[in-house]
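A look at the structure
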Amino acid sequence: MDILKLKAAGIKPVAGPFETAVEVPGSKSYTNRALLAAALSETPVKITGALLSDDTKSMSRCLNKLGIKIDITNDEFIVKGSIKDIKDKDFELNAGLSGITIRFITALCSIVPGKQIITGEEGLNNRPIGDLVEALRSLGADITYLGKEGFPPIKVSSSSLNKSKARISGGTSSQFLSALLLISPLLKTPAEIKIEGKQISAPYVDMTLDVMHKFGVDVKAYDHESYEIKPQKYEADKYHVEGDFSSAAYFFAAAVLNGSKVTVSNLNPDSKQADRQFLNVLGEMNAKIETGDNSITVTGGSIRPIEVNMQKCPDQAMTMAVLAAFAPGKSTIRGIGSLRVKETERIVALENELAKMGISSDSTEESLTIQGGEPSGSLIDSYGDHRIAMSFAVAGTKTPGIEITDPGVVDKTFPGFWDELKKITNLSVVERKFSSILLVGMRGSGKTTVGKTLAKKLGKEFIDMDEYLEEKYGKKIRDIVLEDGWDRFRRLESDICAEVSRKKNRIFSSGGGIVLDSENMKYFADDCLTLLLKAEPRILSMRIRTDKNRPELSTQPTLIGELGEVWRKRKGNYFRYADFVFDTTSDSPNRIANNILDKLGQHTPKICMVIGDPIKHSLSPDIHNLGYRELGIDDEFVYEARRVKPDNVGSFIEQIKNRDIRGVSLTMPHKELVIPFLDSIDPIAEKIGAVNTIVQENGILRGYNTDWIGAVEPLRRITELKEKKAAIIGGGGTAKAFAYGLTRAGCDVTIYNRTVDKARLLAERFGCKYADLQAIEEIKDCDIICNTTSVGMDEDKSPINPSLLQSGQIVYDVVYSPLKTRLLKDAEKSGAKTISGIEMLLEQAFAQFRLFTGKDAPEEIIRKSIIGKLK
């Protein structure tokens, strides 16, 4: 039997009022601002008391990638480098899931040398960045979107800003303004930034100004409406990060909820951190607040409902919502529209999880109203969001049966959260086991289509319980209801629940009313995970309006009215029994099934592959699969080789759109044949005229070219390319990648090819020179010689007479088997430096690895293994 497992943090309520001291790490917001300010400083900066978390690692990783060296030890960052260390070359930067990183780095990249592709993992690429991009463009930045307009990934091609006035909306994220403010002192002329609309989360902007001030930068601020910044330098040799109010807030909330006392040290009572204002909210809920020299103590009393605007500290709106669930009466939280564009749609997440605890709530675009009461225990979906996990953990200190999925998600901002929570109450990682899944929800919510898809992916049998009932009793549900009434049908439905629930290892799609009888749900309680599928009544009505087997469920005159009434009656029951909630309004059944598998940690690995004809000797599977194993992501990704004949490329591409294929690497001649079948093509690949990499995002196939990176990076490691004379031998797809990469790097390039017309066309395309292979004697004057032909695969042959090779040259042969071709051996004898084609294969594969996984490959481990294998 295939057992499914689900890990969660199980929290036991506190035994009674407690008194404790808690340690919190340094502020994430201050740490990341200090990291960027230190990078803008011309001298080394030691940052102490810093937070080492996923978000701050993302920031330091991107800065390091740009060439700004940072040493990290425990809670200390030493920023040794500065933006003066950034070279004029191409970069690929991955911000992971860190919103502050991608926004700050985007601004930084618009004023430093080089061209940068900036992206993040899937959740981050769904968060908007358009307002910041438009503001930077108004200052003269050259930024293009590589995918959906207004969202990452993006490409920054400018290295300076020649204008000084910008406007930016204050209504989406304060991080946009903070990013502009931080780079403004480095502009050549005084900068003026004006805010359009009202600035949300204004305290976060004040934190930015505070950091700038401590680095010696003066900003004239006019009531969060406009800012003036003259050109000046960042100057500091050390910076201390104060304790994090965001992290402390969860423990203060636990004290309020349990009538207890919590003291947190390393907190500045006069801090400009936004979440310091959460103390005022707790005070309104009847908490007592005491401040010390460097500490704050919160003592809880009887909790009471409130109305509050949390626009200035929206990150704690979720903690407030959890507290409001316990306050008798109605609480309303306003000013939280920004929560809809965070790591997840946080307001929807709050409504779902509160409903599972038996607490009703209603929302508008920017508010949430909660009817407090006595929450019950539930499996809480963290949605991969650190703040949801920590907020609902507070509920676990009061209510038995709270379990938080994906507990490791707190590492994003507070890696020690669970250890500190253990000072208050007992908790442990629990593992729930089940063999079956029960799908519940309204008719038309997708239970059957999603269930069949899920069953196929998990290799389990699918049972539609309505169809099972009709087959057993030989009548359609409508006929049963019309002839015998609803009571008779509900009894038959209960009999079916009792019968099928004894079947193990199944995916069950239930009738819409199964949740009306608690006995029905008890049958499935021990072995089933229950998933609620829901969609808007408008969507449901469109899906079922032609259903002839639909007995009426109310006296409403319209189908939408009937569905709305039924939903209101059943909503509480649906959520009460649900372990997870999935909205099926817009996603496809395949997408929803994959989302379900992601929640369970059961998602089949994302498949990446190389295609070609022939393909069996490809080293790509060895390269990628070794990287997956070394990073511990081999349960998420698998790489394989697939033979695809040139005539079948089009049909193959159509097939992968409906499969869990994350990425495809291509060999010749597929690199050009594939282009007409893709949804979009990266501008670089379009310029080169060849695609060697395909990435699939939600069924959209986008083509890239990483061969040019493989062409240039090995050369960059040993020489400065600008103004070097380079010769390219060959006129095929690899020659195109070399021509693009070397001309882009500033080389004086000549293409030598046996077919002169082919060389001429390439030269015109990339703005370089060309010559007949008969004129190869001129190659003696070149600094760099690149063979892009396959001549070297025969160990006795070389495309160049040895007499043409000179000491001091760099000779690069794209052939990698053998590692030492005849050309490279001759070059070494002449005193030239050599580069084997294996370096091109590796570098382009490392770039593909980042595109496929969003992570950097363990390059040296892979290089050592692959070269050892070839030897």
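See the structure shown above.
Residues numbered from 1 in each chain as written. Predicted model: local features only at pLDDT ≥ 70, side-chain atom pairs only at ≥ 80, totals over all residues. Heavy atoms only, no water.

**Focus on the overall build of the chain**
- The helix and strand inventory of the chain stands at 31 helices and 41 strands.
- In terms of C-alpha radius of gyration, the chain reaches 31 Å, essentially the compact-globule figure of 29 Å for 871 residues.
- Structurally, the chain occupies a C-alpha span of about 95 × 75 × 45 Å along its principal axes.
- The buried share of the chain, taken over its 871 residues, is 58%.
- Intrachain contacts of the chain at a sequence separation of at least 6 include 71% that bridge at least 24 residues.
- On the chain, roughly 34,900 Å² of surface is accessible, and the fraction owed to carbon and sulfur atoms is 46%.
- Of the side-chain charges in the chain, 118 are positive and 118 negative, and the distance between the mean point of each set is 1 Å. (Helix = DSSP H or I, 4+ residues; strand = E, 2+ residues; numbered from the N terminus. Rg over C-alpha atoms; globule rule 2.2 N^0.38 Å. Buried < 20%, exposed > 50% of the residue type's maximum accessible area, 1.4 Å probe, protein only. Contact = heavy atoms within 4.5 Å. Areas by Shrake-Rupley, 256 points an atom, 1.4 Å probe, with all protein chains shown as cover. Lys, Arg positive; Asp, Glu negative; His and termini not counted. Charge placed at Lys NZ, Arg CZ, Asp CG, Glu CD.)

**A few points about helix α6 (residues 174-183)**
- For α6, a buried count of 10 out of 10 residues is recorded, marking the element as mostly surrounded by other parts of the structure.
- Listing the buried residues of α6 in full gives S174, Q175, F176, L177, S178, A179, L180, L181, L182 and I183.
- One side-chain oxygen at the N-terminal end of α6 lies 3.1 Å from the backbone nitrogen of Q175; it belongs to S173. (Polar contact = N/O pair within 3.5 Å; in protein donor to acceptor, adjacent residues only side chain to side chain.)

**Considering the layout of surface pockets**
- Of the voids in this model, the second largest pocket is the one considered here, and its volume is about 1,100 Å³.
- Lining the second largest pocket are 31 residues, and of these T667, M668, V814, Y816 and L841 sit closest to its centre.
- At five residues, helix α30 (residues 837-853) tops the list of elements feeding residues into the lining of the second largest pocket.
- Grouping the amino acids of the lining of the second largest pocket by side-chain chemistry returns 13 nonpolar, 14 polar and four charged. (1 Å grid on protein atoms, 1.4 Å probe; cavity = no way out; pocket = protein on both sides within 12 Å on 5 of 7 lines; lining within 4 Å. Points joined across faces, edges and corners; volume = space filled by probe spheres on them. Nonpolar A, V, L, I, M, F, W, Y, C, P; charged D, E, K, R; others polar.)

**A look at the pairing of strand β2 (residues 19-22)**
- The side-chain alternation of β2 yields one buried face, formed by T20 and V22, and one unburied face, formed by E19 and A21.
- Note that β2 and strand β15 (residues 261-265) share four bridges and pair parallel. For T20, the partnering residue across the bridge sits in β15 and is V262. (Pairing = 2+ DSSP bridges.)

**Points about the packing of aromatic side chains**
- In total, this model carries 16 aromatic pairs according to the counting rule given.
- Ring centres of F417 and W418 lie 5.0 Å apart, and the angle between their planes is 75°; this geometry places the pair in the edge-to-face category.
- With a relative accessible area of 1%, F417 lands in the buried category.
- By relative accessible area, W418 is classed as buried at 12%.
- For the ring pair W567 and Y574, a centre distance of 5.7 Å and an interplane angle of 25° mean the geometry is stacked.
- Take Y574: its relative accessible area is 0%, and that puts it in the buried class. (Phe/Tyr/Trp six-rings, centres within 6.5 Å; stacked < 30°, edge-to-face > 60°.)

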